[in-house]
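Per-entry structural report
So you can see what is in the structure, the chains are spelled out below.
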Amino acid sequence: MLVGSIDVSDAVVAVHARTRSGVPAGCTGCGQLSAWCHSRYVRRLADVTLGGRPLRIDLSVRRLYCENPVCPKKTFAEQVAGLTVRYQRRTPQLQRLVEDVGVVLAGRGGSRMLRILNVTLSRCTVLSQLMRVPLPPPETPRVLGVDDFALYGDTYGTLLVDATARLPLTLWEGRDAEQLSRWLREHPGVEVACRDGSLTYRQGITAGAPDAVQVSDRFHLWQGLSRRVQDIASAHRGCLPAALPPVSETDPAPIEEAAEDAAADSRAGRHARRLFEAVHALTRTGRTHSSVARELGLDRRTVRKYARARAWQEVMRRPPRKPSTLDPYLDYLQQRWDEGQHSAKILHEELQTRAISATTSA
């Protein structure tokens, strides 16, 4: 069906070809064959490289009249099977190469790889061709994952995932049991459904796939277990010291007691202990939290936290401060601050001078 010639230059290999006249072609509208030629025009197609050089095909094709009177098309352009596609300036072989590279490497990486193959395309073009690739037909997974996610604020959506292939299937706004059950009825075959502890999802799975086994996924199992352990430990916090074995005089001091002693000697520990004693001294007289907060200059919630605590260690959440390189100069910095020097740059230069002097004298 094609005749032509090859032109080889330093930069590109050009193939000049034309379709044969008199050969009927199928109309792209109705499919009826026609050999009534209207005109010719040249299509310039890019193909995969030949011998490491870019290949261009200059193809002369016919525009034909459609002889079907009821066809909406008056004229149509003939297509060459395996070589041309409507509105496409690349051959199907090159188009498949661009799509495969785009699937593996996406935009920027795909553009670099194609440039190595002497196919010059921008990252945006590679991405646009990737977006045109049709998605594979969805298959009902054997193990389905159901979970919610936050869209924005208090608005949530539902996400369905193939737990075996770890690929998303679909998502929608809201957490609706009816919508989940409708999707399960439209996609039968789910044997196991992984979900969180939501009653909504449990009802939706029960209505849509009653034979499916409902289980909790690993994340929600660990999350529920950690929350439960935390709640139990908080509820029985006062009983924990009684469960400890008796300590003899020869045993070394526990690590927790050493940590508490270190916290008591820190500035934060002394501050927490003073506030704890002051708040409890005032609240024991029957005064309200608001009046204590006004007298001590504290927030009412802070007063309530200290009043509810049984020991000052309960409100001491921060660990003891770690040693700092500024510890030897704290007295000097406090002195200069009291003298009115509040410039960090000048204080830093003075500390550098003092450190150099100390090193030289040593």
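Computed from a predicted structure; not experimentally measured. (Residues numbered from 1 in each chain as written. Predicted model: local features only at pLDDT ≥ 70, side-chain atom pairs only at ≥ 80, totals over all residues. Heavy atoms only, no water.)

**Description of the overall build of the protein**
In terms of helices and strands, the protein carries 12 helices and 12 strands. The burial tally for the protein puts 28% of its 362 residues in the buried class. For the protein, the proportion of contacts with a sequence separation of at least 24, taken over those separated by at least 6, is 46%. Of the roughly 24,900 Å² that the protein leaves accessible, carbon and sulfur atoms contribute 55%. (Helix = DSSP H or I, 4+ residues; strand = E, 2+ residues; numbered from the N terminus. Buried < 20%, exposed > 50% of the residue type's maximum accessible area, 1.4 Å probe, protein only. Contact = heavy atoms within 4.5 Å. Areas by Shrake-Rupley, 256 points an atom, 1.4 Å probe, with all protein chains shown as cover.)

**What to know about the environment of Leu55**
Looking at the element boundaries, Leu55 is found in strand 6 (residues 53-65). Judged by its relative accessible area of 11%, Leu55 falls in the buried class. Counting along the chain gives 64 residues from Leu55 to Val119, while the straight-line C-alpha distance between them is 9.4 Å. Not counting chain neighbours up to four residues away, the residues in contact with Leu55 comprise Val12, Val13, Val15, Leu45, Ala46, Asp47, Val48, Thr49 and Leu50.

**Section: a nonpolar patch on the surface**
A grouping of Val103, Val104, Leu105, Met113, Ile116 and Leu117 is seen on the molecular surface, where their side chains present a nonpolar patch of about 560 Å² in accessible area. Position of Leu117 relative to the elements: it lies in the loop between helix 1 (92-116) and helix 2 (123-132). For Leu117, a relative accessible area of 34% translates into the label partly exposed. (Patch = residues over 30% accessible without salt bridge, like charges linked within 9 Å, V, L, I, M, F, W, Y side chains within 5 Å. Salt bridge = Lys/Arg side-chain N within 4 Å of Asp/Glu carboxyl O.)

**What about the side chain of Arg90?**
Mapped onto the elements, Arg90 comes out in the loop between strand 7 (75-77) and helix 1. For the buried Arg90, which has no salt bridge, the nearest side chain bearing the opposite charge is Glu99, at an N-O separation of 7.8 Å. A polar contact is formed between the side chain of Arg90 and the side chain of Gln95, at a distance of 3.1 Å. In terms of polar contacts, Arg90 uses its side chain to reach the side chain of Gln129, at 3.4 Å. (Lys, Arg positive; Asp, Glu negative; His and termini not counted. Polar contact = N/O pair within 3.5 Å; in protein donor to acceptor, adjacent residues only side chain to side chain.)

**Regarding the packing of aromatic side chains**
Across all of its chains, the model carries 1 aromatic pair by this definition. Above the ring of Tyr156, the side-chain terminus of Arg175 is found at 4.3 Å from the ring centroid. The lysine or arginine in question, Arg354, covers the ring of Tyr332, its NZ or CZ lying 4.1 Å from the ring centre. (Phe/Tyr/Trp six-rings, centres within 6.5 Å; stacked < 30°, edge-to-face > 60°. Lys NZ or Arg CZ within 6 Å of the ring centre and 35° of its normal.)

**Describing helix 4 (residues 199-208)**
Of all the positions in helix 4, only Tyr201, Gly204, Ile205 and Gly208 are classed as buried. The buried residues of helix 4 occupy an angular sector of 95 degrees when projected down its axis, which confines them to one face. Contact partners of the buried residues in helix 4: strand 8 (143-152), strand 9 (155-162), helix 3 (177-186), strand 11 (192-195) and strand 12 (213-216). N-capping of helix 4 is provided by Ser198, with a side-chain oxygen placed 3.2 Å from the backbone N of Thr200. (Arc of directions from axis to C-beta.)

**Remarks on the sheet that holds strand 9**
What the 5 strands build is an open sheet, ordered 10-9-8-11-12; its pairing is mixed. Each end of this open sheet is capped by a strand with a single partner; those strands are strand 10 (167-173) and strand 12. In this sheet, adjacent strand axes meet at a mean angle of 25 degrees when their direction is disregarded. The pairing of strand 9 with strand 10 spans 6 bridges and is antiparallel. In the sheet register, Leu159 faces strand 10, and the bridge partner there is Leu171. (Pairing = 2+ DSSP bridges. Axes fitted to C-alpha atoms, helices over the stretch in contact; angles between N-to-C directions.)

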